[in-house]
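Here is what each chain is made of, one letter per residue.
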Amino acid sequence: MKQLIFVFVLAALFNLLSCQSADKKQAVVDLSEEQSNDFVSGLVREDTLAVKELVDRFMTCVQNKQYEQAVVMLYRLDPEDAWNEPVQLSNEEMNNVVCMLRQIPVLSYRINNIKFETALMNEVKCTIVMREADGTTPEAVNNWYFKPVNYLGGWRLCLMDSNS
């Protein structure tokens, strides 16, 4: 009988703890949604234009095969930095991106979507045309994603990584 009471008390305690854990998770989700809504509601038309201009400048440099000028515009977030300050790419990272850009011809591009969520979590989707369609082959396109970051009132352009 004591074992049955012990199991019942243990099950009740586990149920109580899991309910409290779910309440805490819900509070975290609500808080992040509230922060996102606050950030997005504080944006103005100039923010959208600034992000669009950054992407346009980057893509124009790539189209003109000015890869070094394009790559200098890129930043990354350092997960170790408590202030979430975007930092420019290292020389090795810049060289890797330049090598990638040289391998992909960009004839034209279009910005498909700009999505704002928080200062650090935003997305720009670009479709690039690598080969024009002709009578026998279809147009070759690819999508590139950028991650614009708002830091100290200014926009920095980051590439999306696989962890984003």
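Note that the coordinates shown come from a computational prediction; the quantities given were computed from them, not determined experimentally.

Let us now look at the overall build of the protein chain. Across its full length, the protein chain holds four helices and six strands. Shown N-terminal to C-terminal, the secondary structure of the protein chain runs as helices and strands in the order α-α-α-β-β-α-β-β-β-β. Here the protein chain, with 164 residues, has 27% of them falling under the buried criterion. Considering only contacts within the protein chain whose residues lie at least 6 apart along the sequence, 50% involve residues at least 24 apart. Summing over all exposed atoms, the protein chain offers an accessible surface of approximately 11,300 Å²; the carbon and sulfur share of this is 55%.

On to the packing of aromatic side chains, then. Tallied over the entire structure, the rule returns two aromatic pairs. Taking 5.4 Å as the distance between ring centres and 75° as the angle between the ring planes, the aromatic pair formed by Phe58 and Phe146 counts as edge-to-face. Of this pair, Phe58 sits in helix 2 (residues 45-63) while Phe146 sits in strand 5 (residues 140-151), and the two are 88 residues apart along the sequence. Judged by centre distance (5.5 Å) and plane angle (55°), the rings of Phe116 and Trp155 are tilted. Taken together, the residues Phe116 in strand 3 (residues 108-116) and Trp155 in strand 6 (residues 154-159) connect sequence positions 39 residues apart. Look at Trp155 and you get buried, because its relative accessible area is 11%. Cation over ring: Arg156 sits above Tyr75, and NZ or CZ is 5.9 Å from the ring centre.

The next thing to look at is the pairing of strand 4 (residues 122-131). Every regular strand shows the same layout, with side chains that alternate between the two sheet faces. Of the pairings in the sheet, the one linking strand 3 to strand 4 comprises eight bridges and is antiparallel in character. Considered in strand 4, the bridge of Lys115 is made with Glu123. Hairpin geometry of strand 3 and strand 4 is characterised by an intervening segment of five residues between the two adjacent antiparallel strands.

On to the nonpolar core. Judged by nonpolar contacts, the single largest core of 28 residues is most densely connected at Phe58, Met59, Val62, Leu101, Trp144 and Phe146. Setting aside chain neighbours within four positions, we find Met59 in contact with Val106, Tyr109, Ile128, Trp144 and Phe146.

Conventions and cut-offs
Residues numbered from 1 in each chain as written. Predicted model: local features only at pLDDT ≥ 70, side-chain atom pairs only at ≥ 80, totals over all residues. Heavy atoms only, no water. Helix = DSSP H or I, 4+ residues; strand = E, 2+ residues; numbered from the N terminus. Buried < 20%, exposed > 50% of the residue type's maximum accessible area, 1.4 Å probe, protein only. Contact = heavy atoms within 4.5 Å. Areas by Shrake-Rupley, 256 points an atom, 1.4 Å probe, with all protein chains shown as cover. Phe/Tyr/Trp six-rings, centres within 6.5 Å; stacked < 30°, edge-to-face > 60°. Lys NZ or Arg CZ within 6 Å of the ring centre and 35° of its normal. Pairing = 2+ DSSP bridges. Core = buried A, V, L, I, M, F, W, Y, C linked by side-chain atoms within 4.5 Å.

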